[in-house]
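Structural overview for review
Here is how the chains run, residue by residue.
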Amino acid sequence: MKILTRNETARFLLEHDHFCILTHRRPDGDTIGSAAALCLGLRQLGKTAHVLRNEEVSSRFQWLHEGLTKEEAEEADTIVSTDVASPGMLPNGFSHLLGKISLRIDHHGSATSFTDLELVDPASASCAEVVWDVLALMGVKADRPIAEAAYVGLSTDTGCFRYANTTAHTFAVAAECVRAGARTYELNQELFETNTLGRLKMQAWIVDHMRLLQNGEMAVCAIPRGMETEIGVTEDDMDNISSFPRSVAGVCMAATLRETADGDVKISVRAVPGFDATKVAVKFGGGGHKGAAGASLKRPLAEAAQVVEKAMLEEYANAKC
C-alpha cells in the first residue's frame, strides 16, 4: 500500500480513464457527495466516469447521482472509493470488487487499508474537502453541480459546521462552493432544518427509552426494528438520528444501536472533545473519528447494547467532559 499526496493523486487520476466510483454501505452525504463531485469533475476533463449504483442511497440524496450511475463495474475500469474506511463498509454487492480497487480517497484516521494506493487525510473534516482539493489540482473548474455535491459532503459530516472536526479549510471550501453557485440556503433548509413527523416521533421515543449513565454523561439507546416499523420512519427520517442522544445537555458520549434488515446491529457512537468514539467502535471492527464512529455487530439487540455499554464505560474511565 502506498500513501499518496493530493498532487500525486491528481496526477494518477489524470493518467487514467474509465472510472468507476464506489460509495459505502448505508451511504451518508459525504460518501455520496464526494463520489458525485469526483465523477462530475472527471467528466468535465473529458474522461469516462460513473458512480456504481448503490441501492441503499435514500431518496434524500438520490438527486446527487442522477445521470451518473451504472449497474456494474467493467473490466477496464479504474475503480476508486470515496469515504470508505474499511472493506467492511462496502455494500454487500460491491464485495467482489475487493482486490480490484485502485485508489481509496478518504479522511478516516481509524481505517483499514484495502487498496494499493490511498489518499487519506484525517485532518480534513470530510472526504468532500479532499476531493475538492484534488479536483482543483487537476484543473477542474467548479460549477454549481460540483459545488453542491461537495457542499452536501462537507456540511453533513460537520453537522452544518457545528462539530469539533470543522476547520478553517472546511470554511474555505464552503466559501468556494458558494462562489461556484451552490444553493447553500436551500440545502441547509433541506438537510438540517426540516423534520418529518416520523422523525419527531422517533426522537420522542428515544427520549423515553434511552439509558442515561454516569450521572447523565453517557447515553445509550437501542432501537428495535419493529419500533421503526411501528412509528413508520424511513431511512431518510433516521439519517443522523444517532446525534440526537448526544444533544442532551450534559451527555459527553452516546451510542445509538439499530437493528438492520439483514439481522445486524448498527452501532453509531458520538462524543464531545475529550472522548474518543473510535476507541469504542474499533472494539467491534469499526472506525471513524473521535467525534463520530460506527460499527456493526451480529448479535441480538439487547446483547449488543450490553457490550457497547461496557466499551463506553471503559472509554469513560479514561476521559472526562
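Residues numbered from 1 in each chain as written. Predicted model: local features only at pLDDT ≥ 70, side-chain atom pairs only at ≥ 80, totals over all residues. Heavy atoms only, no water.

**Points about the pattern of salt bridges**
- Evaluation of the coordinates by the stated rule reveals 17 salt bridges.
- Ionic pairing is found between Lys 70 and Glu 74, a salt bridge with its closest N-O pair at 3.1 Å.
- A relative accessible area of 11% means that Lys 70 is categorised as buried.
- Of the charged contacts in the structure, one is a salt bridge between Arg 299 and Glu 303, with a shortest N-O distance of 3.3 Å.
- By relative accessible area, which is 33% here, Arg 299 ends up partly exposed.
- One connected set of salt bridges, linked through shared partners, spans Arg 6, Asp 121 and Asp 133. (Salt bridge = Lys/Arg side-chain N within 4 Å of Asp/Glu carboxyl O. Buried < 20%, exposed > 50% of the residue type's maximum accessible area, 1.4 Å probe, protein only.)

**Notes on the sheet that holds strand 3 (residues 49–52)**
- Ordered by their spatial adjacency, seven strands build an open sheet running 1-7-6-5-2-3-4, and the pairing between neighbours is parallel. Each edge of the sheet is formed by a strand with only one pairing partner; in this case those strands are strand 1 (2–3) and strand 4 (69–70).
- In this sheet, strand 5 (residues 78–82) lies alongside strand 2 (residues 19–22) in parallel orientation, the contact comprising four bridges. Along strand 5, the bridge assignment pairs Leu 22 with Ser 81.
- Packing of helix 1 (residues 6–15) onto the sheet brings it into contact with strand 1, strand 2, strand 5, strand 6 (101–106) and strand 7 (117–120), and relative to strand 6 it is tilted by some 140°.
- Along the sheet, helix 2 (residues 29–44) makes contact with strand 2, strand 3, strand 5 and strand 6, crossing strand 3 at roughly 160°. (Pairing = 2+ DSSP bridges. Helix = DSSP H or I, 4+ residues; strand = E, 2+ residues; numbered from the N terminus. Contact = heavy atoms within 4.5 Å. Axes fitted to C-alpha atoms, helices over the stretch in contact; angles between N-to-C directions.)

**What about the pairing of strand 6?**
- Counting buried positions along strand 6 yields five of six residues, so the element is predominantly enclosed.
- Pairing of strand 5 with strand 6, which is carried by four bridges, proceeds in the parallel orientation. Considered in strand 6, the bridge of Thr 82 is made with Ile 105.
- The sheet contact formed by strand 6 and strand 7 spans four bridges and is parallel. Considered in strand 7, the bridge of Leu 103 is made with Leu 117.

**Description of the packing of aromatic side chains**
- For the structure shown, the criterion picks out three aromatic pairs.
- Members of the aromatic cluster, each reached through a chain of ring pairs, are Tyr 151, Phe 161 and Phe 171. (Phe/Tyr/Trp six-rings, centres within 6.5 Å; stacked < 30°, edge-to-face > 60°.)

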